[in-house]
Each structure stands twice: as C-alpha cells, then as structure tokens.
Amino acid sequence: MHRLARVKLQSSLWQTKLRCKLGGLPSIAVGSVRTKGWKPFHSMYRANRLREIRQKEAEAAQVAAAEAEAAADARTLARKANEPRVGTTPFQAARLMRAFDVLPEREALVTFSTRLNVDLTRESVRGTCYLPHGLSTKIRVLAFCPDDQIQEMMEAGADVAGITEPLRRINQGWMGFDRCLATPSIMPQVMKVAKVLGPRKMMPNPKSGTVVPNLKTAIKEAKSGSLLEYRAEGEGDLKATIGSAEFSDAKILENLKFLVQTLLRARPRSSTAGEDSARTPPGAPGKPLIGKSQGSSPEVKDMYFREAYVRLGSNGPPIRIDPESMMPSSVGYFR
C-alpha cells in the first residue's frame, strides 16, 4: 500500500515539473506539440511553386506578344472596302521600300508576308530552304547530342551542346537559344522536354529541318544564316525574313524569288486544283472534258498566292506585290 502511494506521488511530481517547463500548459497539449509536423520557411515546395508561377507568366507574355504580332499582320493583309488595289512588281517594291526608309533603323530586316490559298485544317505548309544570300544574324544554336560529343559540336559552332545538362536547365526554365538541332537517335531523350519546347515552336522536327543525321553540317548551315524555316498559320498567312537593310536590291530579289520557287514546289495537292473546276461541272458547255494539266497552267499557280507584301523594319509601310508579277518566270524581278 505504501509502495503504490509512493508511485502515485512520484508521478504527480513529474507531471508538475513538466508543466512548469512548458509554461503551465495542460498535459493534453504535450502530445499535440510533440506530434506537430515542422515545416521550414524556405521549403522546396515553395521554391518549385514560385518557379512554376514565373514560367506561366513568361509563357503568357510570349503568347500575348505572338497574338499582337498576328493581329498586326492581319491588319496588314486586310484591305478596306473603299481602298484601291495598287500592286507593284518585286522590283518596284524593293525601290519603294528604300524610298520610305526615311529614318533608317539599326539592323532592320526585310520581311515577306503572304496569304496562301490553302486549307490548313487538311494539309500543312511547312518546311525549310537555304537562301542564296544568308542573313548575318546571331543565332544561338543548341545541339542535342551525347555528352561525349560535346567538344566536337562546340568546335563545329554550336553555342550549347549535350543532353543531360541542357535537359536539366530547360526543365528549370532556361531558354537561352534560338534553334534546337538533334539527331534521330537522340530524339527519345529530347521528348522529355516536349511540353516546354512544343508551345514555343522550338521542338526539333524533321519537317522543319531540325532533326538531321549530320549534326555538324546542320550547325554550320544554321550559324551561316542561310537556313530559312517557313510555316503557314491561321488562314494561310506566312511570314519570313528574306534580307536586311544592308542587302542590295538584287540580293533581296534573289532571296524572294528563291522562296517563291520553294513555296510553289512544296504547295499541297489540294491547292493545285483551281477554283474554276469546283464552280463549273465537268460536262458544262464551253468546258472541255479533258483539260490541260494543272501543273502547267500559270493561272492556277497565280491563285496559290492571294496577297503578298514586303516591309523594311518595323516602322516601314507594307508594300503590296501583285501575285502575278511574283512568279519566278515573270519579268517583275527586273523592272
């Protein structure tokens, strides 16, 4: 009996000392304080959350800039109801660009905008071509290659090379490059960052000429500025850079002619069928049952280009080009 009383007394003394140390908290709060999970202020969750917020803000800013540029292009290609249609030849358009260049911009570029007669919901107009006169622009090239080939690609002219370190930096939000090049064998690893590069239209793709078997040659061609990637979007609008203010008119016209030839060779099959065949039935009077080949008809080729403009810099006015005078066989490149 005395032993049981002694144990109870020791237990009450221990509880009293514990209450004094905890500042008079009740005994029921002891378990809650001990079992409460402690979270540091600078946690990895908070850092990752802030990084995601910054990436979303950067993507939203890029999308807004792209929409503003598309709206500006749409205003350029749009024509008012009472506006007279004044078209020039490529030769005259190049002269007019120089005439309106009153306050020359530094490193101004010559852009070519056109609207193609194509249904992009069924077929796509996308590819690359090598201009006769390359642009002297600084392009930052990222070459996806095995880590043991980094030194070779850097010597070939790549700004960044490898696979492990670039993938890690891209996942963290780094976008310090303008063009990505890769080989078919390395593409399965590059697909890990497809969600990051895809929305920015920088994912390597065979159609865009960025997935190549010979990576060194592709790097040299990309750094030379002669590689031009074109892509039609929206209602068939296509925009490409064909020169700079330092180019002579002859160089600009040669690049424009070469681009038009490339677009005509790569036109979809649906666009080669003229609209007259859809309007007039095959057995209608005045229409031969067996017509000429559509590839040899210049009128069908002219219908492929609905509108065409050239512009020097961002402040220069768009100069409309008559699509008929823009054909490679036209004399509009000389007068």
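Structure shown above.
Note that this is a predicted model, so its numbers are computed, not measured.

### Brief notes about the overall build of the protein
A tally of regular secondary structure across the protein gives 13 helices and nine strands. Among the 335 residues that make up the protein, the fraction classed as buried is 34%. Across the protein, the fraction of contacts at a sequence separation of at least 24, relative to all contacts at a separation of at least 6, is 73%. For the protein, the accessible surface area stands at approximately 21,600 Å², while carbon and sulfur atoms represent 55% of it.

### A look at the packing of aromatic side chains
Two descriptors summarise a pair of aromatic rings, namely the distance from one centre to the other and the angle between the planes of the rings. What the rule picks out here adds up to two aromatic pairs. When the ring of Tyr-304 is compared with that of Phe-305, the centres are 5.3 Å apart and the planes differ by 70 degrees; the resulting orientation is edge-to-face. By the burial criterion, Tyr-304 is buried, and Phe-305 matches it. Sitting over the face of the ring of Phe-247, Lys-251 holds its NZ or CZ atom 5.8 Å from the ring centroid.

### Here we look at the sheet that holds strand β4 (residues 160-162)
The strand order across the open sheet formed by three strands is β4-β3-β5, and the pairing between neighbours is parallel. Two strands bound the open sheet, and with one partner strand each, they are β4 and β5 (179-182). This sheet shows a mean twist of 15 degrees between the axes of neighbouring strands, independent of strand direction. Along the sheet, helix α6 (residues 164-171) contacts β3 (141-144) and β4; its crossing angle with β3, the most-contacted strand, is approximately 120 degrees.

### Side note on unusual backbone geometry
With phi around 60 degrees, Lys-201 is a residue other than glycine that occupies positive phi space. When you line up the elements, Lys-201 lands in the loop between α8 (194-197) and α9 (215-224).

### Details of the pattern of salt bridges
Under the counting rule described, the total for this entry stands at 11 salt bridges. In this structure, Asp-249 and Arg-98 form a salt bridge, with 3.1 Å as the shortest nitrogen-oxygen distance. In this pair, Asp-249 sits in helix α10 (residues 249-265) while Arg-98 sits in helix α4 (residues 90-100), placing the two residues 151 residues apart along the sequence. Here Arg-320 and Glu-307 are joined by a salt bridge, their closest N and O atoms 3.1 Å apart. Taken together, the positions of Arg-320 in strand β9 (residues 319-320) and Glu-307 in strand β8 (residues 305-312) put the pair 13 residues apart, joining distant regions of the chain. One exposure class covers both Arg-320 and Glu-307, and it is buried.

### Quick notes on the sheet that holds strand β6 (residues 227-233)
Spatially, β2-β6-β7-β1-β8-β9 is the arrangement adopted by the six strands of the open sheet, whose pairing is antiparallel. With partners counted over all chains shown, the strands left at the sheet margins are β2 (126-130) and β9, one partner each. Two elements, strand β1 (residues 109-116) and β8, share seven bridges in a ladder whose sense is antiparallel. For Thr-114, the partnering residue across the bridge sits in β8 and is Ala-308.

### Section: α9
Residues of α9 that are buried: Leu-215, Ala-218, Ile-219 and Ala-222. Around the axis of α9, the buried residues are gathered within 100 degrees of arc, so they sit on the same side. Check the buried side of α9 and you find it contacts β3, α5 (150-156) and β5. In this structure Asn-214 caps α9, since a side-chain oxygen of it lies 3.4 Å from the backbone nitrogen of Lys-216.

### Topic: the pairing of strand β7 (residues 237-244)
Alignment of β1 against β7, held across seven bridges, turns out to be antiparallel. Among the inter-strand pairings, Thr-111 is bridged to a residue of β7, identified as Thr-241. The turn linking β6 back onto β7 is made up of three residues, and Gly-234 within it adopts a positive phi angle of 65 degrees.

### Regarding the environment of Glu-324
Position of Glu-324 relative to the elements: it lies in the segment after β9. For the pair Glu-324 and Thr-89, spaced 235 residues apart in sequence, the C-alpha separation works out to 8.7 Å.

So, how was this worked out
Residues numbered from 1 in each chain as written. Predicted model: local features only at pLDDT ≥ 70, side-chain atom pairs only at ≥ 80, totals over all residues. Heavy atoms only, no water. Helix = DSSP H or I, 4+ residues; strand = E, 2+ residues; numbered from the N terminus. Buried < 20%, exposed > 50% of the residue type's maximum accessible area, 1.4 Å probe, protein only. Contact = heavy atoms within 4.5 Å. Areas by Shrake-Rupley, 256 points an atom, 1.4 Å probe, with all protein chains shown as cover. Phe/Tyr/Trp six-rings, centres within 6.5 Å; stacked < 30°, edge-to-face > 60°. Lys NZ or Arg CZ within 6 Å of the ring centre and 35° of its normal. Pairing = 2+ DSSP bridges. Axes fitted to C-alpha atoms, helices over the stretch in contact; angles between N-to-C directions. Salt bridge = Lys/Arg side-chain N within 4 Å of Asp/Glu carboxyl O. Arc of directions from axis to C-beta. Polar contact = N/O pair within 3.5 Å; in protein donor to acceptor, adjacent residues only side chain to side chain.

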